[in-house]
Each structure stands twice: as C-alpha cells, then as structure tokens.
Amino acid sequence: MPEQTNQQRRRVLGAGAFALAAAQFGMMGSARAQSGPASFGKLKQIDAGLLNVGYAEAGPADGKPVILLHGWPYDIHAFADAAPILAAAGYRVIIPHLRGHGSTRFLSAATFRNAQQSAVALDIIALMDALKIPQAIVAGFDWGARTACIIAALWPERCKALVSVSGYLMTNVETSKLPLPPKAEHDWWYQFYFATERGVAGYTRHTRDFAKFIWETASPQWKFDAATLDRSAASFDNPDHVAIVVHNYRWRQGIAPGEAQYDALEKRLSAAPVIAVPTITLEGDANGAPFPPPPAYRKKFSGKYEHRTVSGGIGHNLPQEAPQAFAQAVLDVDRF
C-alpha cells in the first residue's frame, strides 16, 4: 500500500475509532471538534504500594493492557483524545495520576514525599500488581516517558512494548551535577528556581500560571484554550503536588537526597541500561523543551525499534497535540 494511502487510511480508522470509543466509554468528543475539551468520566481509586492511586480506565476489561503516563506540568488529560482510539481497538487503557497529581494520595502522612525516578517507577509496578496486570504496553512523555523507560529497562518482563516521547530518558544524578553550556543551563531554568525557597513559594502561589508558561514555551505552536489548561491545572491542587515537583528537580540536581531503599535501583539506572523490549520513540517537530537528538540514544534500544518525528508544529506534549499519531505508535509497537 502506498505510504500516502496508508496514512490516509490510518487517519480515517483513527477518527472512526475515536468516535466509537467516545460513545462507548463515556468520554466527550475531540477538543478540536467542539468548544469544550475532551475529558474522562468518574475516575477509579485503588491502593497500590505507598499510594491510593486515582486513574482513568477505558476499553474492555479483558483487553490487552496499555498504561499511559503523563508528565509535568500535565495530567491524565494529556491522553483524553488518544485513549479512546486505543479503547476502540480493544485495549484496556489505564491512565494513572502520578504521585502528587489529581486524586492520587499517599496512604500515610509519615511517608517521605519522594519523587526520585525509581520511586515513581515502582508506583506503576505497584499499580500493575494491584490491578493484577502481569504485563502491559507502557507509553508516556516527559516524567511519564522516563518512568516508562525505567520500567522497560529494569522490569522488562512487565513491559510488553514501549512508546517513549523524546526517546531514552533516565537521570544520572552525578552527571547532572556537571555544569552545562549557558544556553543549555538556561533551558533548565525552572530547576534552579525550584532549588530556592523563593521558587517553592512562587510555584505554590502561581501554579496555574507556571503551567501555562511551560506549556507555551514547550509547545510554542499548540493553541490550547483556557478550559483545557484549567482542566489539567485542577490536578495540581493535590496537597502533595508542590512537594513532589520540588523534590523531583532538587533530587535530579543532587541537592536533595533520595531514600536508601532505592539506592540499588538508582545504581543500575546510573549505568544507562539498554532497553530490549520493542520500542517506538516519538518527537514533535516543534518541541520547545530540551530533548536529546534521536541519534544520541539509538544504541540504547537493542530490540525491534523505530523512531518517528511527528510533523505539523507538534511540541512537547505530543499525546495531546497529536493524539492519533501517539495512539498509532502504541498500536504499531504491539505488532512489532
């Protein structure tokens, strides 16, 4: 089939799948097709590990599991248009709020509000255990892509396949301590802001405006409306949100400690382990956030692999800006 014809067929099938799923799973229509943004119905809650996790679910209960992981400053609604496409294709789609977001809560007030990468990844393993999901396709962007990569690297038996926006993402704290050239340091300005108490106070006071600014700079051609921003900003009202965000970035800089129970995992991650599960990496052609060039991480994937650059002014929040391309990557990686 000629590539142009094949792409047209995929667009038609994707649109049909979206409409079917929106009707079947109680989701509103596409944000582009109506005045209000697409949303989920009532969320589910389940105790998993250290958390009571809030998550959206769509698709048949006996479908192949797909876990979609959001980033910061975003929430589960980044997948509001992609999830119904996957659900209509027969997948069981699970979309959890990460710790510090939405209706996800710590089970104990005494638990350290830790956001180091291995702790967040273990949240998802615990969620899979709680939902009795032995293996899933895992896909995400930003924090979610890092978490998905970690699951694929450390627990490949739990990850059938991987879709990662912006490629191979893992943090080596020792390497992160090294200074970068001025422009690169400028791109990570908010990490330095969060390293100060002024930054903590500023983010606490201006959380919505902070998200709006990051969205605009990371996705300079994405024309989101106030309702779309407000829908996600509501997830930042979580009582642990500021503590989780601040700890994540301070830990990455090596100025806030993690917990000893995760030391062995972090040591493995610091070696940048190769990912062997089938993988598709994605990048938008207008990503305004820092990201590694695809050739730099190609050798980190030893299994079946493909990289796709999504055109059309697509920025950092690729699942929300190009939901059909994101969903298609999940469908295709399952066939690898």
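The structure we're discussing is the one just above.
This report concerns the structure included in the present document. As the structure is a computational prediction, the values presented were derived from the model and not from experiment.

1. Quick word on the packing of aromatic side chains
Inspection of the entire model under this criterion finds 28 aromatic pairs. Taken together through their ring pairs, the aromatic side chains of Trp72, Trp143, Trp188, Trp189, Tyr190, Tyr193, Phe194, Tyr203, Phe210, Phe213 and Tyr249 make up a single cluster.

2. Observations regarding the layout of surface pockets
Here the largest pocket is characterised by a volume of approximately 1300 Å³. In terms of lining, the largest pocket is formed by 45 residues, of which the most central are Arg146, Leu180, Trp188, Arg252 and Pro290. Elements with a contribution of two residues or more to the lining of the largest pocket: helix H4 (143-154), helix H5 (173-176), helix H6 (182-187), helix H7 (189-194), helix H9 (207-218), helix H11 (241-253), helix H12 (263-270) and helix H13 (294-297). Of the residues contributing to the lining of the largest pocket, the split by class is 26 nonpolar, 12 polar and seven charged.

3. A short note on the nonpolar core
Soluble, globular proteins show a tendency: their nonpolar side chains are buried together. Formed by 54 residues in total, the largest nonpolar core has its most connected members in Trp72, Ile151, Trp155, Leu162, Met170, Phe194 and Ile275. With eight residues, H4 is the single largest residue contributor to this core. Of all hydrophobic cores here, the second largest spans 46 residues; its members include Leu68, Ile85, Leu229 and Leu318.

4. Section: the pairing of strand E4 (residues 91-96)
Buried residues dominate E4, accounting for six of its six residues. Side chains of E4 alternate between two faces, with Tyr91, Val93 and Ile95 and Arg92, Ile94 and Pro96 buried alike. Relative to E4, strand E3 (residues 64-69) runs parallel, the two sharing four bridges. From the neighbouring strand, Val66 faces E4, where its bridge partner is Val93. Of the crossover connections in this fold, the one passing from E3 over helix H2 (residues 83-88) to the parallel E4 is right-handed.

Reading the values: the criteria
Residues numbered from 1 in each chain as written. Predicted model: local features only at pLDDT ≥ 70, side-chain atom pairs only at ≥ 80, totals over all residues. Heavy atoms only, no water. Phe/Tyr/Trp six-rings, centres within 6.5 Å; stacked < 30°, edge-to-face > 60°. 1 Å grid on protein atoms, 1.4 Å probe; cavity = no way out; pocket = protein on both sides within 12 Å on 5 of 7 lines; lining within 4 Å. Points joined across faces, edges and corners; volume = space filled by probe spheres on them. Helix = DSSP H or I, 4+ residues; strand = E, 2+ residues; numbered from the N terminus. Nonpolar A, V, L, I, M, F, W, Y, C, P; charged D, E, K, R; others polar. Core = buried A, V, L, I, M, F, W, Y, C linked by side-chain atoms within 4.5 Å. Buried < 20%, exposed > 50% of the residue type's maximum accessible area, 1.4 Å probe, protein only. Pairing = 2+ DSSP bridges. Right-handed = clockwise from strand over helix to strand, strands pointing away.

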